[in-house]
Each structure stands twice: as C-alpha cells, then as structure tokens.
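Results of the structural survey
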Amino acid sequence: MVAWSSVRKFTAVALGTGAGLGAYFYHRLRSDERKVHALWTNSDTAVNPYALWDSNWDYRSPRYLVKPIGNTTTQEANRYNNDLERVTPRSVRHIILVRHAEYLHAGDTDDTHNLTLRGCVQAKYTGKRLRELGVRWDKIIISTMTRAQETADIILKEIDFDPESLVNCSYIREGAPIPPQPPVGHWRPPKAFFRDGARIEAAFRRYFHRAFPTDTEDTYTLIVGHGNVIRYFVCRALQFPPEAWLRININHASITWLTIHPSGNVTIECLGDSGFMPPEYLTNRVPVLSKPF
C-alpha cells in the first residue's frame, strides 16, 4: 500500500509538473509569436487599434439599427428578424473620385486658379474613360472650387447623366485634413488643420456609407474634388491611419474607385488611375508657369 501510494503521488506530481511546463512553454511560444508577428506587421491590436476592422464604421450596421431582442418568445424573434431584414442593405455602393486636372496657381484667390491647356486635355481623357465604364450615375458631387468646377464641366460633356443628380458641395473643397505622419517640415499649418479637418471629416461621413436598404441595384457616385481630400477619404474608408494621407500621391484628373459592400466591408478597385492618358499628360504638381500644352 505504501509503495502504491508513493507511485500515485509521484504520478500526480509528474502529471502536474508536465501540465505546468506545457502551459508555460505554450504561453511563451504564443507570447513570442505575438511579439515576433508584431515586429514586422504592427498588427498587435493592443498597440495598434487599426489592426481590427470596425464593421460599424458608418453607424449603419443593421444589428445596431433595430431594437434588441427582448425575450425568448417566437413572436419577439420574428419581430427582431423582420426589423433586421428591413434595414439590411443588399446592393453595393460604388464611389468614384476624380482629382481636378492641372491648374495654374496664377494668384492668391480661387477664381484665378484656372485649368491649364494640358489640364483641359486631361479632363477630357478622364471624361472619356468614365463614359467607357458604361454606368448610370446616381449622384455627381463637385467641389465648389474653380479648378474642380472647370474639370467637371469638361467631364460632364463626355458622360451621360441626369442634371438633377448634380450637387455642388463646399464640404469637399481642398484643405488640410489632419496633421500627417511622418511630419513634413513644409506642411505645418496648424490653423488650417483646425479650420479644414472637421469640414473634410464631415464630408466623409456624409458621402461614405453602405447602400440604403431601399436600393435594389448597385449605385454609382462620382465625386470631383481635390488631392488632399481624396487621399484622406481613402485612408478613412479603408480604416488605415488617417495620418498617413500624405504618403499617397495621385495624378491630376486621375480616378480612384472605392466599393462599399452591404456588409460594410470596403475595397479599393483603383487608386489614382491615369493609365488612360498619354505619358506627356501625367502630372501631379501645380506648375509655376503655364506650359505649351
């Protein structure tokens, strides 16, 4: 009996020790895995909240729009499911953003910032490309700044649209959306960030969201705007750190296409596409003097 008792005690100790060592090494391996994984991906959610996708980013996730289920009755379950069905989107929302064409910074006021001859040709190429897409435009939103208005005027001559779908919007005027990271020495206008940031964020919340539950077909929205605003919109829509907007460069009159799915997931079809233009028309900076184009 004494021997058998000793064996049982030894076995219990051995099993306990083995389990403890196993748990310890498993934890170390998992811990090391997380540390190593984070070293090159920066996806440790405890450090980087952007690593997690927020499915309710537009505050239109169906389960947040209905009264929660109150009890376990069949009637309550039916009520909840019917309410959920009523607010659930079924179609895809496409947002196509076009940066204005090249313009000449000829003065300190917006009305002096007219398109160059090359910019007019760029806009015409973009209009033809948009026409080739063969989509029906549900809404066309245009910045109220001169260069965007002139770009849109040329594009609208190339595409089919309903005049009632046109919206001139001051919210998407060019500006400084948020202090960039990494900081840029020549881009530090703190007053501009306070002045423009809330306006540009308000524009994002106004135009970027999943389709309405009443939409029976995919919808297409065209936005003619500005480089800083478009780059910020891309970061916000993809849930990248919005401070990264200045790391992106897009050409004049280029096309950026974002798709918002019924689930709230967002994908980017193209970013700053200008491959439909000849190389001599590819520009992204404001010229100091007019060029013979």
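Residues numbered from 1 in each chain as written. Predicted model: local features only at pLDDT ≥ 70, side-chain atom pairs only at ≥ 80, totals over all residues. Heavy atoms only, no water.

Cut-off, in case you're wondering: UniProt positions are given in the numbering used here, feature names are shortened, and annotations may be inferred rather than shown by experiment.
Where an unreviewed UniProt entry is consulted, the protein chain appears under the name Serine/threonine-protein phosphatase PGAM5, mitochondrial, with the organism given as Glossina pallidipes. What UniProt states about the protein chain under its Subcellular location (unreviewed entry) heading is, verbatim, "Mitochondrion outer membrane". In its Sequence similarities (unreviewed entry) section, the UniProt entry covering the protein chain states "Belongs to the phosphoglycerate mutase family. BPG-dependent PGAM subfamily."

Examining the side chain of Asp196
For clarity, the cut-off: For the purposes of this entry, the term helix denotes a DSSP run of H or I that reaches at least four residues, the term strand denotes a run of E that reaches at least two, and both are numbered from the N terminus. Relative accessibility under 20% of the residue-type maximum defines a buried residue, over 50% an exposed one, and the middle range a partly exposed one, all with a 1.4 Å probe and only protein chains included. Throughout, a contact is declared for two residues whenever any of their heavy atoms are within 4.5 Å.
By the secondary structure assignment, Asp196 is in helix H5 (residues 190-207). Under the relative-accessibility criterion, Asp196 is labelled buried at 6%. Beyond its immediate chain neighbours, meaning those up to four positions away, Asp196 contacts Gly175 and Ala176.

A word on the packing of helix H3 (residues 117-133) against helix H4 (residues 146-156)
To describe two helices that pack against each other, one gives the angle between their axes and the distance between the axes. Condition: Only C-alpha atoms enter the line fits that serve as axes; for helices the fit covers just the stretch in contact. Angles between N-to-C directions range over 0 to 180 degrees. Roughly parallel covers angles under 35 degrees, roughly antiparallel covers those over 145, roughly perpendicular covers 65 to 115, and oblique covers all other angles. The handedness criterion is simple: a crossing whose near helix is rotated anticlockwise from the far helix by less than a right angle is left-handed, and one whose near helix is rotated clockwise is right-handed.
H4 packs onto H3 with a crossing angle of 45° between their chain directions and a minimal axis gap of 8 Å. In terms of their interaxial angle, H3 and H4 are classed as oblique. Our pair here, H3 against H4, has a crossing hand that is right-handed. The segment H3 lies against H4, with Cys120, Ala123, Lys124, Thr126, Gly127 and Leu130 engaging Thr151, Ile154 and Ile155.

Some words on the packing of aromatic side chains
Note the cut-off: In this analysis, rings of Phe, Tyr and Trp, with Trp reduced to its six-membered ring, are considered paired at centre separations within 6.5 Å, and the interplanar angle assigns stacked below 30 degrees, edge-to-face beyond 60, and tilted for intermediate values. We call a charge positioned above a ring when the Lys NZ or Arg CZ atom is no farther than 6 Å from the ring centre and deviates by at most 35 degrees from the ring normal.
In this structure the tally under the stated criterion is six aromatic pairs. Summarising the aromatic geometry, the rings of Phe204 and Phe233 are spaced 6.0 Å apart at their centres and angled 45° between planes, so their arrangement reads as tilted. Highlighted residues: Phe204 in helix H5 and Phe233 in helix H6 (residues 227-237), separated in sequence by 29 residues. Phe204 gets classed as buried once you look at its relative accessible area, which sits at 2%. Ring geometry for Tyr220 and Trp257: centres 6.4 Å apart, planes at 75°, overall edge-to-face. Taken together, the residues Tyr220 in strand E4 (residues 219-225) and Trp257 in strand E5 (residues 255-260) connect sequence positions 37 residues apart. Each of the two residues, Tyr220 as well as Trp257, counts as buried. These aromatic residues form a ring-pair network of at least three members: Trp57, Phe204, Phe208 and Phe233. Here the basic side chain of Arg206 rests over the ring of Tyr171, its NZ or CZ set 4.2 Å away from the ring centre.

Some thoughts on the pairing of strand E3 (residues 166-169)
Put simply, the rule is: In this scheme, strands are said to pair when DSSP sees at least two bridges between them. Crossover handedness is defined here as right-handed if the route from the first strand over the helix to the second strand goes clockwise, with the strands pointing away from the viewer.
Bridging between strand E2 (residues 139-143) and E3 involves four bridges; their strand directions are parallel. Across the sheet, Ile141 pairs through a bridge with Val167, a residue of E3. Crossover handedness for the path E2 to H4 to E3: right-handed.

Details of the UniProt feature "binding site: substrate" (unreviewed entry) in the protein chain
Here is the rule: Under this definition, polar contacts are N or O atom pairs within 3.5 Å; protein pairs additionally need one hydrogen-donor-capable and one acceptor-capable atom, and for neighbouring residues in sequence, both atoms have to be side-chain atoms.
UniProt tags Arg147 as "binding site: substrate" (unreviewed entry). Position of Arg147 among the secondary structure elements: in helix H4. Discounting chain neighbours no more than four positions away, the residues touching Arg147 are His100, Tyr103, Asp110, His113, Leu115, Glu174 and His226. For Arg147, the side chain forms a polar contact with the side chain of His100, separated by 3.3 Å.

Thoughts on the nonpolar core
Applied cut-off: What is meant by a nonpolar core is a set of buried Ala, Val, Leu, Ile, Met, Phe, Trp, Tyr and Cys residues, joined one to another through side-chain atoms within 4.5 Å.
Membership of the largest hydrophobic core comes to 28 residues, with the highest contact counts inside it found for Leu97, Ile172, Phe208, Phe233 and Leu258. Taken together, the elements giving at least two residues each to this core come down to strand E1 (93-99), H5, H6 and E5. Residue contributions to this core peak at seven residues, all from H6. The residues touching Leu97, leaving out its near neighbours within four places in the chain, are Phe208, Ile223, Ile230, Phe233, Ser254, Ile255, Thr256 and Leu258. Counting residues in hydrophobic clusters, the runner-up holds 26 residues, among them Leu115, Val135, Ile142 and Leu156.

Describing the pattern of salt bridges
The cut-off we apply is this: Here, a salt bridge means any Lys or Arg side-chain nitrogen found within 4 Å of an Asp or Glu carboxyl oxygen.
Tallied over the entire structure, the rule returns 15 salt bridges. Its salt-bridge partner being Glu76, residue Arg79 comes within 2.4 Å of it at the nearest N-O pair. Placement of both Arg79 and Glu76 in helix H2 (residues 74-87) is noted, with a separation of three residues, approximately one turn of the helix. A residue is classified by how much of its surface remains accessible, and Glu76, at 14% relative accessible area, is buried. Residues joined by salt bridges that share partners form a network here, namely Glu76, Arg79, Asp83 and Arg86.

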